[in-house]
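So the chains spell out like this:
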Amino acid sequence: MQYPKFIDKDSTIGIVAMSSGVGSRLDDYLKSISTFTDRGYKILETDSVRNTGIASNTGEVRAKELDTLINNKEVDLIINAAGGDLCLESIPYIDFNNIVNNKKWIMGASDPTSILYVLTTGYDISTIYGFNSTSFDDRPLHLCQENALEVIKGNIIRQHSFDKYELNPFTNDERVLDTPVKWISNKDFKVSGRIIGGCIDVLRNLLGTPYDYTNKFIEKYKDDGIIWYFDNFALSVEDFYLTLLQMKMSGWFKYTKAVILGRVCFPKSFNEGFEYSDALVRIFEDIPVVSEACIGHLFPKMVIINGSYATIDVTKGRGIIDLELK
């Protein structure tokens, strides 16, 4: 696995809108940007970052804007502006070979999963999942945000499950962390392996495309074994289960050692009593699985380094994630 150079105190951070722009969340974005500039980092935006609409620009333009940041020798880290729905449009236009020749950390969450996953599984370049450019607007910053800021500097800290989380992120002007955290597992376990995943709403759209390099990736790292993590934004339990089933039939889970599902942002089931944890056990049987983990859309959340070597320790409803760059 190839790990790009981490940023230092004089670094320039590039912001690119590979999915939506930040026009509708400009206040959050500006507060987040000040988090970086207050720490001495310089910011370079591409032209579409502050646009509004379902996508910041055409897929081709978004890919060209990413290319300008890849080619800019002063840019050390690239952060996706926001989530959205149509990042996949840009994938055919991205010059992945240029990224191979000019390796930089690319960071994002939700819809930018497309880029991160393809880059790590197809080109063996590690990427960072969990936070977009609008994700650092809290005052003061929460520990999870501070953790992400440490990771991009190369300080790979141990991450513990948090105490309480935000149940309804879209109904409050400010974050309200009022729901107790409890990781739900089929057994207590401690497992190590190569970690990969992202937003499953997005990953399922890569199945069967020319950009599905999953089997190539898992074959390369089969001796480590694979730890999957999934951030479920809005798939119902039934859609979630059938998506996992399709992935299983496609060979994705051949060397799986454990599976982590984050808290679902918009949970829904059409069959009473059929839970996300049930879907996991139905697919993975005796393999260690855990749901309601501190990963995904619901705050606070952990940061994951795709392609790194992870150790997951789940005991009595609590979890610890250690990441190693090897």
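Note: the structure precedes this text.
Residues numbered from 1 in each chain as written. Predicted model: local features only at pLDDT ≥ 70, side-chain atom pairs only at ≥ 80, totals over all residues. Heavy atoms only, no water.

1. Quick word on the environment of Glu-74
Here Glu-74 shows up in the loop between helix H2 (59–71) and strand E3 (75–80). With 60 residues separating them along the chain, Glu-74 and Gly-14 place their C-alpha atoms 9.2 Å apart. (Helix = DSSP H or I, 4+ residues; strand = E, 2+ residues; numbered from the N terminus.)

2. Section: the nonpolar core
One finds Phe-230 and Leu-244 to be the most contacted residues of the largest nonpolar core, which totals 106 residues. Apart from residues lying up to four places away in sequence, Leu-244 is in contact with Ile-200, Phe-230, Phe-253, Leu-280, Ile-283 and Phe-284. (Core = buried A, V, L, I, M, F, W, Y, C linked by side-chain atoms within 4.5 Å. Buried < 20%, exposed > 50% of the residue type's maximum accessible area, 1.4 Å probe, protein only. Contact = heavy atoms within 4.5 Å.)

3. A few points about the packing of aromatic side chains
Summed over all chains, the structure comprises 19 aromatic pairs. The interplanar angle of 50° and the centroid separation of 5.7 Å between the aromatic rings of Tyr-129 and Tyr-229 together place this pair among those described as tilted. Residue Tyr-129 is located in strand E5 (residues 127–129), and its partner Tyr-229 is located in strand E11 (residues 226–231); the two are separated by 100 residues in the primary sequence. Residue classification places Tyr-129 among the buried positions, given a relative accessible area of 2%. Looking at Tyr-229, the relative accessible area reads 0%, which means it is buried. The ring of Tyr-213 has Lys-216 lying over it, and the distance from NZ or CZ to the ring centre is 5.6 Å. Sitting above the plane of the Phe-131 ring, Lys-301 keeps its charged end 5.0 Å from the centroid. (Phe/Tyr/Trp six-rings, centres within 6.5 Å; stacked < 30°, edge-to-face > 60°. Lys NZ or Arg CZ within 6 Å of the ring centre and 35° of its normal.)

4. A short note on the side chain of Thr-46
Among the structural elements, Thr-46 can be located in the loop between strand E2 (42–45) and H2. Those residues within four positions of Thr-46 in sequence are excluded, and the remaining contacts are Ile-15, Val-16, Ala-17, Glu-65, Thr-68 and Leu-69.

5. A word on the pattern of salt bridges
Counted according to the given criterion, the structure contains 16 salt bridges. Close ionic contact of Glu-150 with Lys-153 constitutes a salt bridge, the shortest N to O distance being 3.1 Å. The closest approach of N and O atoms between Asp-224 and Arg-194, which form a salt bridge, is 2.8 Å. One end of the pair, Asp-224, is in the loop between helix H7 (214–220) and E11; the other, Arg-194, is in strand E10 (residues 189–199), with 30 residues separating them in the sequence. One network of salt bridges, with partners in common, ties together Asp-137, Asp-138, Glu-166 and Arg-175. (Salt bridge = Lys/Arg side-chain N within 4 Å of Asp/Glu carboxyl O.)

6. As for the pairing of strand E1 (residues 12–16)
Most of E1 sits out of view: five of its five residues are buried. Covered by surrounding structure in E1 are Thr-12, Gly-14 and Val-16 together with Ile-13 and Ile-15, the residues of both alternating faces. By the bridge criterion, four bridges tie E1 to E2 in an arrangement that is parallel. Looking at the pairing, Gly-14 lines up with Leu-44 of E2. (Pairing = 2+ DSSP bridges.)

7. Examining the sheet that holds strand E15 (residues 309–315)
Strand order in the open sheet made by the eight strands is E6-E16-E15-E10-E11-E12-E13-E9, with mixed pairing throughout. Only two strands of the sheet have a single neighbouring strand rather than two, namely strand E6 (159–160) and strand E9 (184–185). Most of the contacts of helix H4 (residues 113–123) go to E10, to which it runs at about 125°, and overall it touches E10 and E11. (Axes fitted to C-alpha atoms, helices over the stretch in contact; angles between N-to-C directions.)

8. Remarks on the layout of surface pockets
The calculated volume of the largest pocket comes to roughly 1300 Å³. Lining the largest pocket are 50 residues; nearest its centre among them are Arg-25, Thr-134, Phe-170, Arg-175 and His-297. Those elements that provide at least two residues to the lining of the largest pocket are helix H1 (26–37) and helix H6 (200–203). For the lining of the largest pocket, the element with the most residues is H1, which contributes three residues. Residue composition of the lining of the largest pocket, grouped by class: 15 nonpolar, 19 polar and 16 charged. (1 Å grid on protein atoms, 1.4 Å probe; cavity = no way out; pocket = protein on both sides within 12 Å on 5 of 7 lines; lining within 4 Å. Points joined across faces, edges and corners; volume = space filled by probe spheres on them. Nonpolar A, V, L, I, M, F, W, Y, C, P; charged D, E, K, R; others polar.)

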